[in-house]
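# Commentary on secondary and tertiary structure
Listed here are the chains, written in short residue letters.
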Amino acid sequence: MSAATIAEPALMTADEFLRLHGGECGVDLVNGHVVRDPMPGGEHGYLCIEAASIIRDFVKPRELGRVMGNDTFIYAGSNPDSVRGADVAYISYKRLPKDQPAPKGPFEIPFELVIEVRSPTDRMKAILNKIDDYLEAGVDVVVLLEPTTRSATVYRKDAETQLTHDQELTLPDILPEFRVRVGQFFET
């Protein structure tokens, strides 16, 4: 009896991925491979909306830019192709002027800020790979919210800062004067 071999699926380009999966949530293209994540559940969805609301409530009255959510895609690599979906993303009007509409497909212009909320099914290695992809794509800051510890980790190209629930998150280079206690992201 011979062992059955399973053929590796062919690598997919970003264009193929978007044509086949562009309207789906919970799916990324990582180095040419389609990666599906289990549906994260209610807590994840609630925390994503809270994070988006906190950022939007600061950004909108100051007319600084756009806040997006719900797996807004960004090109995150090209050898092989990667397309990542952010839980929450912010892009300023400096990068994408107010009079220009947001793209119908993935963003080619990197966001200034991405917020990811860790769900119960997320493996840390996969999250760190996603954060690396965002930073390599030109995202300035990625904030990872950790519901189990009610904490946040701020990732930049060459720095990582951990914050507890009672510490303040500031992003002076991206959102001047923005300040929020990390625990506020987790309040119900």
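Let me sum up the structure you'll find in this document.

Counting through the fold element by element, H21 comes out in helix α1 (residues 14-21). Looking at H21, the relative accessible area reads 12%, which means it is buried.

As a further point, take unusual backbone geometry. The backbone phi angle of E63 is positive, close to 50°, even though this residue is not glycine. As for its placement among the helices and strands, E63 is situated in the loop between α2 (42-62) and β3 (65-78). Judged by its relative accessible area of 53%, E63 falls in the exposed class. One non-glycine residue, R150, lies in the positive phi region at around 55°. Along the polypeptide, R150 turns up in the loop between β6 (141-146) and β7 (151-156).

Under the defined criterion, the tally for this structure stands at 10 salt bridges. With a shortest N-O distance of 3.1 Å, E146 and R118 are connected by a salt bridge. Placement of E146 in strand β6 and of R118 in the loop between β5 (113-117) and α3 (124-136) is noted, with a sequence separation of 28 residues between them. With a relative accessible area of 14%, E146 lands in the buried category.

Along the chain, R66 turns up in strand β3. Put simply, R66 is tucked away with no salt bridge, and the nearest opposite charge, on D99, sits 6.9 Å away. A distance of 2.4 Å separates the side chain of R66 from the backbone oxygen of Q100, its partner in a polar contact. Not counting residues up to four positions away in its chain, the partners in contact with R66 are V59, A89, Y90, I91, Y93, L96, P97, K98, Q100, P101 and A102.

For the rest of this paragraph, the subject is the environment of I109. Structurally, I109 can be placed in the loop between β4 (81-92) and β5. A relative accessible area of 32% places I109 in the partly exposed class. Separated by 30 residues in sequence, I109 and V139 have C-alpha atoms that sit 9.0 Å apart. With residues near it in sequence (within four places) discarded, I109 still touches I74, I91, R95 and L96.

Take α3 next. With 13 residues, α3 ought to run about 18 Å at 1.5 Å a step, and its terminal C-alpha atoms sit 18 Å apart, in line with that. Where α3 is concerned, the buried positions are I127, K130, I131, D133, Y134 and L135. Directly after α3, the chain includes G138, whose backbone phi takes a positive value near 105°.

Attention shifts here to the pairing of β4. Burial of β4 is extensive: 12 of the 12 residues sit out of reach of the surface. Pairing of β4 with β5, which is carried by three bridges, proceeds in the antiparallel orientation. Across the sheet, the residue bridging to Y90 is L113, located in β5.

Calculation criteria
- Residues numbered from 1 in each chain as written.
- Predicted model: local features only at pLDDT ≥ 70, side-chain atom pairs only at ≥ 80, totals over all residues.
- Heavy atoms only, no water.
- Helix = DSSP H or I, 4+ residues; strand = E, 2+ residues; numbered from the N terminus.
- Buried < 20%, exposed > 50% of the residue type's maximum accessible area, 1.4 Å probe, protein only.
- Salt bridge = Lys/Arg side-chain N within 4 Å of Asp/Glu carboxyl O.
- Lys, Arg positive; Asp, Glu negative; His and termini not counted.
- Polar contact = N/O pair within 3.5 Å; in protein donor to acceptor, adjacent residues only side chain to side chain.
- Contact = heavy atoms within 4.5 Å.
- Expected span 1.5 Å × (residues − 1).
- Pairing = 2+ DSSP bridges.

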